[in-house]
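# Geometric and topological summary
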Amino acid sequence: MHEISKQTVETTQKHAQKAVEHTKDMQELAKSLKTDSQIEEEAKERIDACVETMQEHAQKFQDLAHRLTEDPSTDVYSEAVEEHIRADS
């Protein structure tokens, strides 16, 4: 089984932390949009659902990035990348 470098592990962890922070920013934005009377309730619910999905995947990305410290395999790295893609989608 192939392993990724320590530098790649560290970079992945930093990137995962940024993804989690980004979703917190998105959550704050969603909260502020909830008070906008011009936005329909259905749109507010969709926004909330999208932010929640982003948060779940960003957290999974971060968990996998931390797991790389103990298991720097390409398999775990690939899983982390997939979660990152899902968080951004």
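Scroll up to find the structure this text is about.
Just so it is clear, the structure is predicted and the values come from calculations on it, not from any experiment.

## Topic: the nonpolar core
Side chains that are nonpolar tend, in soluble globular proteins, to be buried together. The biggest cluster of nonpolar side chains holds 13 residues, and the ones touching the most others in it are Ala58, Phe61 and Leu68. Contributions of two or more residues to this core are made by α1 (6–34), α2 (41–67) and α3 (74–88). In this structure Ala58 touches Ala19, Val20, Thr23 and Ala87, once residues within four positions along its chain are discounted.

## Regarding α1
In a regular helix each residue adds 1.5 Å, so 29 residues correspond to 42 Å; α1 covers 42 Å between its end C-alpha atoms and thus fits that length. Every buried residue of α1 is accounted for by Val9, Thr12, Gln13, Ala16, Ala19, Val20, Thr23 and Ala30. Tucked inside the fold, the buried residues of α1 contact α2 and α3.

So, how was this worked out
- In this convention, every chain numbers its residues from 1, walking through the sequence in written order.
- With the structure being a predicted model, the display of local features is reserved for residues of pLDDT at least 70 and the display and counting of side-chain atom pairs for 80 or more, all residues being used for whole-chain, interface and lining totals.
- Neither water nor hydrogens contribute to the side-chain values; these are computed over all heavy atoms in the structure.
- Working definition of a nonpolar core: buried Ala, Val, Leu, Ile, Met, Phe, Trp, Tyr and Cys residues. They are joined through side-chain atoms within 4.5 Å.
- In this scheme, a residue with accessible area under 20% of its type's maximum is buried, one over 50% is exposed, and one in between is partly exposed, where area comes from a 1.4 Å probe on protein chains only.
- Helix and strand definitions here come from DSSP, where helices need a minimum of 4 consecutive H or I residues and strands a minimum of 2 consecutive E residues; each element is numbered from the N-terminal end.
- Throughout, a residue-residue contact means that at least one pair of heavy atoms, one from each residue, lies within 4.5 Å.
- A helix is expected to span 1.5 Å multiplied by its residue count minus one.

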